[in-house]
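# Secondary and tertiary structure notes
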Amino acid sequence: MTADHESTTTNGEPELSDSLRTFGAVLKALREAAGLTQEDFAPRVQYSPAYIAKIEQGKRFPPENLPERAAEALGPVAGKVLGAAARSLRRRAGLASWFQQWAGIEEEAITLYAYECRGIPGLLQPEGYIRAVFERQLPPLTETQIQRQVTARLERQRLLCERPNTAFSFVVEQGILERQVGGARVTALVIDHLLHIGRHTNVEIQVMPLRQQDHTGIDGQMYLAESQANQWFGYTEGHRSSALLTAPSEVSILLQRYGKLRSQALDCRATVSLLERMRGAL
């Protein structure tokens, strides 16, 4: 949701990709040595088979508690091996590692909040908008790199349909739509998409009006997620940087701010009315 910042190096490939694939290969080898399929292993470590598959493919940063849970399922030696491999990853962790961790939290969340003042949240972006964003990125991306980013972001959006019991809440600044990134045609696609997604019973979309004297989002965008164990995480981004927040005291501040932002934004019905007016004016 970026979280929306798919972290890349100058050649467009995620940082730590080789190390993540190595960790995934080790996990897969240990799992197979124990005679377990992904479907057998996943419930024993309290994650979904799809999430375990992505870790083994090197597409997700392993959760901190995975080695401990794996030790119970695969034995203490396997747990120690995975723990050492995970510590090595974290010592080398950089920009992409934060996103990889957040992407995993995002996939397993039972509650997901997002406030955006820079662009449409990644989970809500139609294909035309995604392409428009990456076509304007600097340094420039090749067509192959752009298509890779488009494909990855569209894949993430499956969460909205695949997790009907997850509560999604989005607060988006009206100014993002007024900016018309990609032009009027792309903006019309965005508004149509927001109206469509907003009909899902587990999705709430609110627009923050251009004029709001009591605005709590002055410090910028924020993402929040509640895990299945009812632990909350926060995620923030800036230029070429990002941070995963796990300390309860820090996450509590973001939760307070997000709650206030929801009260300051237009409610869902007023948001629909505004979007329909904006769509008609294009």
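Above this text sits the structure in question.
The sections below set out a description of the structure shown in this document. (Residues numbered from 1 in each chain as written. Predicted model: local features only at pLDDT ≥ 70, side-chain atom pairs only at ≥ 80, totals over all residues. Heavy atoms only, no water.)

### With respect to the overall build of the protein
Here is the rule we go by: Where helices and strands are cited, they refer to DSSP runs of H or I of at least four residues and of E of at least two residues respectively, numbered from the N terminus. The globule rule used here is 2.2 Å times the number of residues to the 0.38 power, and the radius of gyration it is set against is calculated over C-alpha atoms. Using a 1.4 Å probe on the protein chains alone, a residue whose accessible area is under 20% of its type maximum counts as buried, one over 50% counts as exposed, and one in between counts as partly exposed. Residue contacts are counted whenever heavy atoms from the two residues lie within 4.5 Å of one another. Residue exposure ignores everything except the shown protein chains as possible cover, and the areas themselves are Shrake-Rupley values with a 1.4 Å probe. When charges are counted, Lys and Arg are positive and Asp and Glu negative, with His and the chain ends excluded. Lysine's charge is taken at NZ, arginine's at CZ, aspartate's at CG and glutamate's at CD.
Summing up its helical and strand segments, the protein has 13 helices and six strands in all. A compact globule built from 282 residues should have a C-alpha radius of gyration of about 19 Å, and the protein, at 20 Å, falls within 12% of that. The principal-axis extents of the C-alpha atoms in the protein amount to approximately 65 × 40 × 30 Å. For the protein, the residues scored as buried account for 51% of the 282 residues in total. Looking at the protein alone, contacts between residues at least 24 apart form 77% of all its contacts between residues at least 6 apart. Only carbon and sulfur atoms are counted for the fraction: they give 51% of the accessible area of the protein, which is about 13,600 Å². Put simply, the protein has 32 plus and 32 minus side-chain charges, and the middle of one group is 2 Å from the middle of the other.

### Comments concerning empty space enclosed by the protein
As a reminder of what qualifies: Both site types are read off a 1 Å grid over the protein atoms alone. A 1.4 Å probe that fits but cannot get out defines a cavity, while an open set with protein on both sides within 12 Å along at least five of seven lines defines a pocket; lining residues have an atom within 4 Å of a point. Grid points are joined across faces, edges and corners, and a volume is the space filled by probe spheres set on the points. Here the nonpolar group is Ala, Val, Leu, Ile, Met, Phe, Trp, Tyr, Cys and Pro; Asp, Glu, Lys and Arg are the charged ones; every other residue, Gly included, is treated as polar.
One pass over the structure, following the stated rule, counts one cavity of 30 Å³ or more. In this structure, the largest cavity encloses a volume near 40 Å³. Residues that form the lining of the largest cavity fall into these classes: six nonpolar, two polar and no charged.

### Brief notes about helix H12 (residues 248–264)
To keep it simple, the criterion reads: A helix's residues, less one, multiplied by 1.5 Å, set its expected span. What the arc measures is the spread of directions leading from the helix axis to the C-beta atoms.
The first and last C-alpha atoms of H12 sit 24 Å apart over 17 residues, in line with the 24 Å expected at 1.5 Å per residue. For H12, the complete set of buried residues consists of Val251, Leu254, Tyr258, Leu261 and Gln264. In a view along the axis of H12, the buried residues occupy a sector of 135°, so they form one face of it. Of the residues in H12, the exposed ones pointing more than 90 degrees away from the buried face are Pro248, Ser249, Gln256 and Ser263.

### Some words on the pattern of salt bridges
Where charged atoms from two side chains of opposite charge approach closely, those side chains can pair. Note the following rule: Any carboxyl oxygen of Asp or Glu that lies within 4 Å of a side-chain nitrogen of Lys or Arg is treated as forming a salt bridge with it.
Here the structure, examined in full by the defined rule, presents 14 salt bridges. Glu162 is paired through a salt bridge with Arg158; the nearest N and O atoms lie 2.8 Å apart. For Asp192, the salt bridge is made with Arg279, and the minimal N-O distance between the two is 2.9 Å. Linking Asp192 in helix H11 (residues 184–197) with Arg279 in helix H13 (residues 268–281), this pair joins segments that are 87 residues apart in sequence. By relative accessible area, Asp192 is classed as partly exposed at 34%.

### Concerning the sheet that holds strand E2 (residues 167–173)
As a reminder of what qualifies: Whether two strands pair depends on DSSP finding at least two bridges between them. To get an axis, fit a line to the C-alpha atoms, keeping to the stretch in contact for a helix; angles then go from 0 to 180 degrees between the N-to-C directions.
Ordered in space as E3-E2-E1-E4-E5-E6, the six strands form an open sheet in which the pairing is mixed. Unpaired on one side and paired on the other, strand E3 (203–208) and strand E6 (241–245) mark the two borders of the sheet. Strand-to-strand twist across the sheet, computed as the mean angle between neighbouring axes with direction ignored, equals 10°. Running at roughly 110° to strand E4 (residues 222–226), H12 makes contact with strand E1 (111–116), E2, E3, E4, strand E5 (232–238) and E6 of the sheet.

### Overview of the packing of H11 against H13
The description of two helices packed together rests on the angle between their axes and the distance between the axes. Worth spelling out the cut-off: The cut-offs work like this: below 35 degrees is roughly parallel, past 145 is roughly antiparallel, 65 to 115 is roughly perpendicular, and the gaps in between are oblique. Crossing handedness is read from the near helix: turned anticlockwise from the far helix by less than a right angle, it gives a left-handed crossing, and turned clockwise, a right-handed one.
Interhelical geometry of H11 versus H13 gives an angle of 155° and a closest axis separation of 10 Å. Compared by their axis directions, H11 and H13 come out roughly antiparallel. You can see that H11 and H13 cross each other, and the crossing is left-handed. The residues of H13 that touch H11, namely those facing Ala188, Ile191, Asp192, Leu194 and Leu195, are Val272, Leu275, Glu276, Met278 and Arg279. Of the residues belonging to the contact of H11 with H13, the class tally is seven nonpolar, no polar and three charged.

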